[in-house]
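Coordinates in review
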Amino acid sequence: MTVDRRLLLHDVTVQEGLGRASLPARSVLVAGERIEAVLPAAEAPADGDFLRWDLGGATVLPGMTLGHTHIAYVNVTTGRETLFKYRVPEVTLHAARHAAGLLDCGYTAFVGAGSVAGIDMALKNAIEAGVIAGPRVTPCSRDLMVSGPPGRRSPELKQRMPRELMPVVDVLGDLVKYTEEEIDEGAQIIKVFSSGDDTFPNARSDELLFTREELATVVEVAHRRGARVRAHSRGLEGIRNALAAGVDVIDHATYADDAALEEIAERGIFVVPSLFQPDRLLALGERFGKAPDHLEALDFKDEIENTLYFLPRAEELGLKIVPGDDFGFAWTPHGSYADELVMYAERAGIAAETVLKWACAHGAELAGRGADAGVVEAGRLADLVVWERDPAADLRVLQDKGALRSVLIGGRHVAGPVAPPAA
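Residues numbered from 1 in each chain as written. Predicted model: local features only at pLDDT ≥ 70, side-chain atom pairs only at ≥ 80, totals over all residues. Heavy atoms only, no water.

A short note on empty space enclosed by the protein
Over the atoms rolls a probe the size of a water molecule, and in doing so it shows where empty space is left. The final tally for this structure, using the stated rule, is two cavities of 30 Å³ or more. Its boundaries defined by the atoms lining it, the largest cavity holds a volume of some 50 Å³. Of the residues assigned to the lining of the largest cavity, the class counts are three nonpolar, four polar and three charged. The space that makes up the second largest cavity amounts to roughly 40 Å³. Together, Tyr-73, Leu-83, Gly-114, Ser-115, Val-116, Asp-143, Leu-165 and Met-166 line the second largest cavity. Of the residues belonging to the lining of the second largest cavity, the class tally is five nonpolar, two polar and one charged. (1 Å grid on protein atoms, 1.4 Å probe; cavity = no way out; pocket = protein on both sides within 12 Å on 5 of 7 lines; lining within 4 Å. Points joined across faces, edges and corners; volume = space filled by probe spheres on them. Nonpolar A, V, L, I, M, F, W, Y, C, P; charged D, E, K, R; others polar.)

This is the structure:
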């Protein structure tokens, strides 16, 4: 379909992506790259200057956005493997494969959460130039990391770690310099670490990494340049520091208390929670070489319990939650994205329509297209996915790759076995 053609997706169920029940017996008229109208199927014109695509009751869903991904991780099992498992040319090819695979899972966008060697930026350029297939990309910087908690910094780590893969920034001046350089290279969001992680070698979840001053320095530079900041924040003190510094995205928010959740809601900060990754690590870690005593020493059972507690509360408060949970580890491989969404419904009791709102409307807003995508309504980009059955009735539809029929980005067919009529 050329960009100036009109296409009528006729006789469909529309799941708008706004957290509401799906609308049966609808038609969606696409003009060029945008949705022109959504109307009852009985009121759709029988003929005109458009191509008619009869879909027999299939469901049209907005393209989902993966809110947190390391597109270049390839079934890694350790922190070292995230950077050194493959050479950069090899891992770049894997990243391109993962990007194309997102389309086949119904995702038309992703937001990076730490870009090995700046691969996010390269992918965005290659996809927009038509060199490779893939979703829309909101590229993230390389991880800006410090060597350890305040008072336990190690100059040797900075010397050992290649800047091209992950800058170690123990000096305020370096933070300014590297933040500027990442934005110059094309990063639209900067990744920092307000707390550690029980799987990190340099700090546990309840320990601080960046100081509040360091976080505020990155935020000031990024906001001045029109970029946003996302902070890995598991421990409560780290969450509080990230909020005080003015970050735009709290990744994980594992030990957020009611006061933190209320402040996050009041300020409109995005939260990308972590339930799937720690659950899968505990369940499958031994299969990938993790000793039972190592898994037992992690505080992930407590993290899972607190996440299950705060998710319903966060939804009640109106937090802007977006799914996406450290895919690319051996226990959370790329392509298993729908399993996370199903877990929110089955483990946390979140309604399917709400989970889809998180992935569609909220995801598009996180990606910087809040008024332009993520919802099936007139005027929005025609980033649409056709499913045989309605995911709002059963999220497990998203786990069935055979149920995906077609993926459109800007009205153009980019994936799926069924293409719109050509003439």
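Remarks on the packing of aromatic side chains
All told, the structure shown has eight aromatic pairs when counted by the stated rule. With a centroid separation of 5.7 Å and an interplanar angle of 90 degrees, the aromatic rings of Tyr-73 and Phe-329 are classed as edge-to-face. On the criterion of sequence distance, the pair formed by Tyr-73 in the loop between β6 (64-69) and α1 (79-84) and Phe-329 in the loop between β14 (320-321) and α12 (337-348) is long-range, its members being 256 residues apart. Per residue, the accessibility class of Tyr-73 equals that of Phe-329, and both read buried. (Phe/Tyr/Trp six-rings, centres within 6.5 Å; stacked < 30°, edge-to-face > 60°. Helix = DSSP H or I, 4+ residues; strand = E, 2+ residues; numbered from the N terminus. Buried < 20%, exposed > 50% of the residue type's maximum accessible area, 1.4 Å probe, protein only.)

Remarks on the packing of helix α11 (residues 300-317) against α12
The N-to-C vectors of α11 and α12 enclose an angle of 85 degrees; their axes lie 11 Å apart at closest approach. With respect to each other, α11 and α12 are oriented roughly perpendicular. Here Ile-304, Leu-308, Leu-311 and Pro-312 of α11 lie close against α12, whose contacting residues are Tyr-344, Arg-347 and Ala-348. When its residues are assigned to classes, the contact of α11 with α12 shows six nonpolar, no polar and one charged. (Axes fitted to C-alpha atoms, helices over the stretch in contact; angles between N-to-C directions. Parallel < 35°, antiparallel > 145°, perpendicular 65-115°, else oblique. Contact = heavy atoms within 4.5 Å.)

Overview of helix α13 (residues 352-366)
The terminal C-alpha atoms of α13 lie 20 Å apart, and with 15 residues this matches the ideal 21 Å at 1.5 Å per residue to within 8%. Within α13, 13 of the 15 residues are buried, which leaves the element mostly enclosed by the surrounding structure. After α13 finishes, the residue Gly-368 shows a positive phi value of roughly 95 degrees. (Expected span 1.5 Å × (residues − 1).)

Structural notes on the pairing of strand β11 (residues 228-233)
The buried count for β11 comes to six of six residues, which makes it a mostly enclosed element. In terms of strand pairing, strand β10 (residues 189-193) meets β11 through five bridges, oriented parallel. Residue pairing for β11: Lys-191 is matched across the bridge by Arg-230. For the segment spanning β10, helix α6 (residues 212-224) and β11, crossover handedness is right-handed. Sheet topology places β11 next to strand β12 (residues 249-252); four bridges connect them, and they run parallel. Counterpart to His-232 in the pairing with β12 is Asp-251. Following the backbone out of β11, through helix α7 (residues 236-245) and into the adjacent parallel β12, one traces a crossover that is right-handed. (Pairing = 2+ DSSP bridges. Right-handed = clockwise from strand over helix to strand, strands pointing away.)

Observations regarding the packing of helix α2 (residues 88-104) against helix α3 (residues 119-128)
Across the interface, α2 lies against α3 with an axial gap of 11 Å and an inter-helix angle of 55 degrees. Classified by the angle between their axes, α2 and α3 sit oblique to one another. Read as a crossing pair, α2 and α3 show a hand that is right-handed. Counting all contacts with α2, which are made through Val-91, Thr-92, Ala-95, Ala-96 and Ala-99, the residues of α3 involved are Ile-119, Leu-123 and Ile-127. Classifying every residue of the contact of α2 with α3 gives seven nonpolar, one polar and no charged. (Left-handed = near helix turned anticlockwise from the far one by under 90°.)

What about the sheet that holds strand β8 (residues 136-138)?
Neighbouring strands of a sheet are bound in pairs by backbone hydrogen bonds; such pairs are parallel or else antiparallel. Taken in spatial order, the three strands line up as β6-β7-β8 in an open sheet, and their pairing is parallel. Pairing within the sheet leaves two strands with one partner each, and these edge strands are β6 and β8. Direction aside, the axes of adjacent strands within the sheet are offset by 20 degrees on average. The pairing of β6 with strand β7 (residues 107-112) spans four bridges and is parallel. By the bridge assignment, Leu-66 is partnered in β7 with Phe-110.

Description of the layout of surface pockets
Put simply, the largest pocket is a space of about 830 Å³. Gly-79, Arg-80, Thr-82, Phe-200 and Pro-201 are, among the 39 residues lining the largest pocket, the residues nearest its centre. Those elements giving two or more residues to the lining of the largest pocket turn out to be α1, α4 (155-160), β10 and α9 (276-284). For the lining of the largest pocket, the element with the highest residue contribution is α1, accounting for five residues. Within the lining of the largest pocket, the residues separate by chemical class into 14 nonpolar, 15 polar and 10 charged. Size it by volume and the second largest pocket reaches roughly 420 Å³. Lining of the second largest pocket is provided by 19 residues; of these, Ile-127, Glu-128, Arg-136, Ile-409 and Arg-412 occupy positions nearest its centre. Looking at the lining of the second largest pocket, the elements with two or more residues in it are α3, β8 and β17 (412-415). Ranked by residue count, the leading element in the lining of the second largest pocket is α3, at three residues. Partitioned by chemical class, the residues of the lining of the second largest pocket number nine nonpolar, four polar and six charged.

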